[in-house]
Amino acid sequence: MIELFTFLERNKAEIIDDLVERIPATVPSYRKVPASELRQTLEHLMEAYGDFLVTGEPDTMTSVLRYITKVRAQQSFRLSDVLRSLLLIPPAIRERLQEDFRDNGREDARDQFNEAMSKFEETTYNAVCLFTDIFQEYLMNMLNEHQEYLKKTNQKFGVDLSKFILFKG
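All of these numbers come straight from a predicted model, not from anything done at the bench.

A. Structural context of the overall build of the chain. Along the chain, the regular secondary structure elements total six helices and zero strands. N-terminal to C-terminal, the α/β element order of the chain is α-α-α-α-α-α. In terms of overall size, the chain is more extended than a compact globule, its C-alpha atoms giving a radius of gyration of 21 Å where 169 residues would be expected to give roughly 15 Å. Along the first, second and third principal axes, the C-alpha set of the chain runs to 75 × 30 × 25 Å. In the chain, which comprises 169 residues, the proportion classed as buried is 39%. Considering only residue pairs separated by 6 or more positions, the chain has 74% of its internal contacts joining residues 24 or more positions apart.

B. Examining the pattern of salt bridges more closely. A complete count under the given rule lists 14 salt bridges for this structure. Two residues, lysine 12 and glutamate 9, come together in a salt bridge whose shortest N-O distance is 3.2 Å. Of this pair, lysine 12 and glutamate 9 are both found in helix H1 (residues 2–26), three residues apart, which corresponds to roughly one turn of the helix. Note on lysine 12: relative accessible area 12%, which makes it buried. Note that glutamate 95 and arginine 96 form a salt bridge whose closest N and O atoms lie 4.0 Å from each other.

C. Summary view of the nonpolar core. The biggest cluster of nonpolar side chains holds 44 residues, and the ones touching the most others in it are Leu8, Leu45, Met61, Ile93 and Leu97. Elements with a contribution of two residues or more to this core: H1, helix H2 (35–55), helix H3 (59–74), helix H4 (79–86), helix H5 (89–103) and helix H6 (109–156). Among the elements that line this core, the one with the most residues is H6, at eleven residues. Look past the residues within four positions of leucine 45 in its chain and what remains in contact with it is Met61, Val64, Leu65, Ile68, Leu86 and Ile89.

D. Geometry of the packing of aromatic side chains. The tally for this structure, following the rule as stated, stands at three aromatic pairs. In this structure, arginine 72 is placed above the aromatic ring of phenylalanine 77, and the distance from its NZ or CZ to the ring centre is 5.4 Å.

E. Structural detail: unusual backbone geometry. Of note, the phi angle at serine 76 is positive, near 65 degrees, even though the residue is not glycine. Locating serine 76 in the fold gives a position in the loop between H3 and H4. For serine 76, a relative accessible area of 60% puts it in the exposed group.

F. Spatial organisation of the environment of leucine 86. The residue leucine 86 is located in helix H4 in this model. The sequence separation of leucine 86 and leucine 45 amounts to 41 residues, and the corresponding C-alpha distance is 9.6 Å.

The rules behind the values
Residues numbered from 1 in each chain as written. Predicted model: local features only at pLDDT ≥ 70, side-chain atom pairs only at ≥ 80, totals over all residues. Heavy atoms only, no water. Helix = DSSP H or I, 4+ residues; strand = E, 2+ residues; numbered from the N terminus. Rg over C-alpha atoms; globule rule 2.2 N^0.38 Å. Buried < 20%, exposed > 50% of the residue type's maximum accessible area, 1.4 Å probe, protein only. Contact = heavy atoms within 4.5 Å. Salt bridge = Lys/Arg side-chain N within 4 Å of Asp/Glu carboxyl O. Core = buried A, V, L, I, M, F, W, Y, C linked by side-chain atoms within 4.5 Å. Phe/Tyr/Trp six-rings, centres within 6.5 Å; stacked < 30°, edge-to-face > 60°. Lys NZ or Arg CZ within 6 Å of the ring centre and 35° of its normal.

Dropping the structure here:
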(Lines give C-alpha, C1' and ligand atoms only; values in the text may rest on other atoms or scores of the structure.)
Protein backbone atom coordinates (compact mmCIF):
# COMPACT_ATOMS: atom_id res chain seq x y z
CA MET A 1 0.00 0.00 0.00
CA ILE A 2 2.80 2.40 0.83
CA GLU A 3 4.30 1.69 -2.61
CA LEU A 4 0.96 2.51 -4.21
CA PHE A 5 0.73 5.71 -2.15
CA THR A 6 4.25 6.65 -3.26
CA PHE A 7 3.30 5.93 -6.86
CA LEU A 8 0.23 8.20 -6.57
CA GLU A 9 2.27 11.00 -5.00
CA ARG A 10 4.91 10.71 -7.72
CA ASN A 11 2.35 10.73 -10.55
CA LYS A 12 -0.32 12.98 -9.03
CA ALA A 13 0.24 15.98 -11.31
CA GLU A 14 0.15 13.84 -14.45
CA ILE A 15 -2.98 11.98 -13.28
CA ILE A 16 -4.76 15.24 -12.47
CA ASP A 17 -3.78 16.72 -15.87
CA ASP A 18 -5.24 13.64 -17.54
CA LEU A 19 -8.47 13.83 -15.52
CA VAL A 20 -8.92 17.57 -16.17
CA GLU A 21 -9.12 16.65 -19.87
CA ARG A 22 -10.83 13.27 -19.56
CA ILE A 23 -13.72 14.24 -17.28
CA PRO A 24 -15.23 17.07 -19.39
CA ALA A 25 -14.71 15.03 -22.55
CA THR A 26 -16.65 12.10 -21.07
CA VAL A 27 -19.18 13.86 -18.83
CA PRO A 28 -20.66 16.86 -20.69
CA SER A 29 -22.02 18.57 -17.55
CA TYR A 30 -18.43 19.15 -16.41
CA ARG A 31 -17.81 21.41 -19.42
CA LYS A 32 -19.47 24.23 -17.47
CA VAL A 33 -16.96 23.82 -14.62
CA PRO A 34 -13.83 25.96 -15.07
CA ALA A 35 -10.69 23.84 -15.49
CA SER A 36 -9.05 25.58 -12.51
CA GLU A 37 -11.98 24.63 -10.25
CA LEU A 38 -11.96 21.04 -11.49
CA ARG A 39 -8.19 20.84 -10.99
CA GLN A 40 -8.45 22.12 -7.43
CA THR A 41 -11.22 19.64 -6.63
CA LEU A 42 -9.17 16.79 -8.10
CA GLU A 43 -6.10 17.82 -6.10
CA HIS A 44 -8.10 17.62 -2.87
CA LEU A 45 -9.71 14.37 -3.98
CA MET A 46 -6.36 12.74 -4.79
CA GLU A 47 -4.94 13.82 -1.42
CA ALA A 48 -7.95 12.33 0.35
CA TYR A 49 -7.76 9.26 -1.82
CA GLY A 50 -4.13 8.61 -0.86
CA ASP A 51 -5.03 8.95 2.80
CA PHE A 52 -8.02 6.60 2.40
CA LEU A 53 -5.87 4.10 0.51
CA VAL A 54 -3.16 3.93 3.16
CA THR A 55 -5.16 4.23 6.37
CA GLY A 56 -8.51 2.83 5.31
CA GLU A 57 -10.05 5.61 7.39
CA PRO A 58 -12.63 7.63 5.45
CA ASP A 59 -12.44 10.89 7.45
CA THR A 60 -10.53 13.00 4.91
CA MET A 61 -12.37 11.39 2.00
CA THR A 62 -15.72 12.09 3.68
CA SER A 63 -14.86 15.78 4.06
CA VAL A 64 -13.83 16.11 0.41
CA LEU A 65 -16.87 14.19 -0.82
CA ARG A 66 -19.20 16.35 1.29
CA TYR A 67 -17.70 19.42 -0.36
CA ILE A 68 -18.05 17.89 -3.84
CA THR A 69 -21.64 16.91 -3.07
CA LYS A 70 -22.60 20.39 -1.94
CA VAL A 71 -20.96 22.14 -4.88
CA ARG A 72 -22.19 19.76 -7.59
CA ALA A 73 -25.73 19.57 -6.18
CA GLN A 74 -25.91 23.37 -6.16
CA GLN A 75 -24.72 23.32 -9.78
CA SER A 76 -27.61 20.92 -10.56
CA PHE A 77 -25.38 17.97 -11.42
CA ARG A 78 -27.04 14.59 -11.58
CA LEU A 79 -25.73 11.91 -9.27
CA SER A 80 -24.74 9.79 -12.28
CA ASP A 81 -22.56 12.59 -13.68
CA VAL A 82 -20.51 12.87 -10.50
CA LEU A 83 -20.29 9.08 -10.19
CA ARG A 84 -19.11 8.80 -13.78
CA SER A 85 -16.38 11.37 -13.10
CA LEU A 86 -15.22 9.41 -10.04
CA LEU A 87 -15.15 6.19 -12.05
CA LEU A 88 -12.80 7.81 -14.56
CA ILE A 89 -10.05 7.85 -11.95
CA PRO A 90 -9.14 4.12 -12.13
CA PRO A 91 -8.45 4.11 -15.91
CA ALA A 92 -6.23 7.19 -15.54
CA ILE A 93 -4.21 5.47 -12.84
CA ARG A 94 -4.23 2.03 -14.44
CA GLU A 95 -2.39 3.34 -17.51
CA ARG A 96 0.39 4.81 -15.40
CA LEU A 97 0.57 1.77 -13.15
CA GLN A 98 1.02 -0.47 -16.18
CA GLU A 99 3.89 1.70 -17.41
CA ASP A 100 5.48 1.77 -13.99
CA PHE A 101 5.34 -2.00 -13.47
CA ARG A 102 6.33 -2.74 -17.07
CA ASP A 103 9.47 -0.64 -16.63
CA ASN A 104 10.56 -1.96 -13.23
CA GLY A 105 11.91 -5.24 -14.65
CA ARG A 106 11.03 -7.39 -11.64
CA GLU A 107 9.82 -10.94 -12.19
CA ASP A 108 6.86 -10.48 -9.88
CA ALA A 109 5.80 -7.25 -11.61
CA ARG A 110 2.55 -8.77 -12.89
CA ASP A 111 1.57 -9.95 -9.41
CA GLN A 112 2.50 -6.60 -7.91
CA PHE A 113 0.51 -4.78 -10.58
CA ASN A 114 -2.55 -6.96 -9.99
CA GLU A 115 -2.31 -6.49 -6.23
CA ALA A 116 -1.88 -2.72 -6.55
CA MET A 117 -4.72 -2.41 -9.03
CA SER A 118 -6.98 -4.57 -6.90
CA LYS A 119 -6.32 -2.40 -3.83
CA PHE A 120 -6.78 0.75 -5.84
CA GLU A 121 -10.08 -0.40 -7.35
CA GLU A 122 -11.39 -1.57 -3.97
CA THR A 123 -10.59 1.85 -2.50
CA THR A 124 -12.26 3.58 -5.47
CA TYR A 125 -15.41 1.52 -5.13
CA ASN A 126 -15.54 2.18 -1.39
CA ALA A 127 -15.15 5.91 -2.11
CA VAL A 128 -17.94 5.78 -4.71
CA CYS A 129 -20.26 4.04 -2.23
CA LEU A 130 -19.34 6.60 0.42
CA PHE A 131 -20.08 9.40 -2.05
CA THR A 132 -23.47 7.89 -2.91
CA ASP A 133 -24.41 7.77 0.77
CA ILE A 134 -23.25 11.36 1.28
CA PHE A 135 -25.13 12.58 -1.79
CA GLN A 136 -28.31 10.82 -0.66
CA GLU A 137 -27.95 12.24 2.84
CA TYR A 138 -27.47 15.73 1.41
CA LEU A 139 -30.59 15.47 -0.76
CA MET A 140 -32.65 14.10 2.13
CA ASN A 141 -31.52 17.00 4.34
CA MET A 142 -32.45 19.49 1.62
CA LEU A 143 -35.87 17.84 1.24
CA ASN A 144 -36.47 17.83 5.00
CA GLU A 145 -35.47 21.50 5.25
CA HIS A 146 -37.87 22.37 2.44
CA GLN A 147 -40.69 20.39 4.02
CA GLU A 148 -40.10 22.16 7.32
CA TYR A 149 -40.15 25.52 5.53
CA LEU A 150 -43.46 24.63 3.84
CA LYS A 151 -44.94 23.48 7.14
CA LYS A 152 -44.00 26.76 8.87
CA THR A 153 -45.22 28.83 5.93
CA ASN A 154 -48.53 26.97 5.87
CA GLN A 155 -48.94 27.43 9.63
CA LYS A 156 -48.21 31.12 9.24
CA PHE A 157 -51.05 31.49 6.75
CA GLY A 158 -53.35 29.03 8.54
CA VAL A 159 -53.40 26.47 5.73
CA ASP A 160 -53.90 22.79 6.58
CA LEU A 161 -52.73 20.88 3.53
CA SER A 162 -53.67 17.52 5.04
CA LYS A 163 -57.26 18.17 3.92
CA PHE A 164 -56.09 18.40 0.31
CA ILE A 165 -54.31 15.07 0.20
CA LEU A 166 -56.34 12.63 -1.88
CA PHE A 167 -54.25 9.54 -1.24
CA LYS A 168 -51.38 8.39 0.91
CA GLY A 169 -48.53 6.56 -0.77
